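Structural characterization, general
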Amino acid sequence: MVRMAGSLFLALALGLALIAPAADAAGATTYSGTIVSVDPRGGVLMLDEVGPWRVAQGKTVVTRRTIVVTSTTKFNTFIRVNVPGGFGGDFLEVALDIDDITIGDFVTAECVSEHGRLVALRVTLAELS
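This one's a predicted model, so the numbers in the text were calculated from it and none came from an experiment.

Thresholds applied
Residues numbered from 1 in each chain as written. Predicted model: local features only at pLDDT ≥ 70, side-chain atom pairs only at ≥ 80, totals over all residues. Heavy atoms only, no water. Salt bridge = Lys/Arg side-chain N within 4 Å of Asp/Glu carboxyl O. Helix = DSSP H or I, 4+ residues; strand = E, 2+ residues; numbered from the N terminus. Buried < 20%, exposed > 50% of the residue type's maximum accessible area, 1.4 Å probe, protein only. Polar contact = N/O pair within 3.5 Å; in protein donor to acceptor, adjacent residues only side chain to side chain. Contact = heavy atoms within 4.5 Å. Core = buried A, V, L, I, M, F, W, Y, C linked by side-chain atoms within 4.5 Å. Patch = residues over 30% accessible without salt bridge, like charges linked within 9 Å, V, L, I, M, F, W, Y side chains within 5 Å. Areas by Shrake-Rupley, 256 points an atom, 1.4 Å probe, with all protein chains shown as cover.

**With respect to the pattern of salt bridges**
- Summed over all chains, the structure comprises three salt bridges.
- With a shortest N-O distance of 2.7 Å, Asp48 and Arg64 are connected by a salt bridge. Of the two residues, Asp48 sits in strand β2 (residues 44-49) while Arg64 sits in strand β5 (residues 63-68), which places them 16 residues apart along the sequence.
- Take Asp48: its relative accessible area is 19%, and that puts it in the buried class.
- Its salt-bridge partner being Arg122, residue Glu93 comes within 3.6 Å of it at the nearest N-O pair. Of the two residues, Glu93 sits in strand β7 (residues 90-96) while Arg122 sits in strand β9 (residues 117-126), which places them 29 residues apart along the sequence.
- Residue classification places Arg122 among the partly exposed residues on the basis of a relative accessible area of 33%.

Pasting the structure below:
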């Protein structure tokens, strides 16, 4: 009986651990694309997103997204590392700030809609080279 209660508790705890991150990002939508404008002082970045895939008049349709960044927006990237004793080629998250984002960078922005504007919770820079 004690073993069963312990297993039930463990299953419940694991279930809550899996649900908590989803609740934290409730209502968030991700947008990925190439940066076409960055205004750190104005707190705005613009990206061109290809998707959902659409073609009009023989050309791929690009959607321009204007995204507001705030003092609470997190910026990050992931780099590969080879640490002795660790997993070779593992990824390490590195914190950035808006000044590290430049025109032509490919990013994914996790956003919420506030008063008709997209507000970034997190912007992740993808290193493509």
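Don't stop here, the text continues.
**Notes on the side chain of Thr73**
- Note that Thr73 resides in the loop between β5 and β6 (74-81).
- Since its relative accessible area comes to 8%, Thr73 is described here as buried.
- Reaching out from Thr73, the side chain makes a polar contact with the backbone nitrogen of Thr70 at a distance of 2.9 Å.
- Reaching out from Thr73, the side chain makes a polar contact with the backbone oxygen of Ala120 at a distance of 2.7 Å.
- Beyond its immediate chain neighbours, meaning those up to four positions away, Thr73 contacts Ala120, Leu121, Arg122 and Val123.

**A word on the nonpolar core**
- Residues Leu45, Ile67, Phe75, Val107, Cys111 and Val123 are the most contacted members of the largest nonpolar core, which totals 16 residues.
- For this core, the element with the highest residue contribution is β9, accounting for four residues.
- Setting aside residues no more than four positions away along its own chain, Ile67 makes contact with Gly43, Val44, Leu45, Leu47, Ala109, Cys111, Leu118 and Ala120.

**Notes on unusual backbone geometry**
- Positioned with a positive phi, Gln57 is a non-glycine residue whose angle comes to about 55°.
- Judged by relative accessible area, Gln57 falls into the exposed class, the value being 83%.
- We note that His115 has phi near 55°; this positive angle belongs to a residue other than glycine.
- Of note, His115 is situated in the loop between β8 (106-114) and β9.

**Remarks on the environment of Thr30**
- Tracing the chain through its elements places Thr30 in strand β1 (residues 29-39).
- The sequence separation of Thr30 and Cys111 amounts to 81 residues, and the corresponding C-alpha distance is 6.1 Å.
- In this structure, Thr30 is in contact with Glu49, Thr108, Ala109 and Glu110, ignoring residues within four places of it in sequence.

**Observations regarding a nonpolar patch on the surface**
- Judged by side-chain polarity, Val50, Trp53, Val55 and Val62 come together as a nonpolar surface patch covering roughly 420 Å² of accessible area.
- The class of Trp53 is exposed, set by a relative accessible area of 63%.

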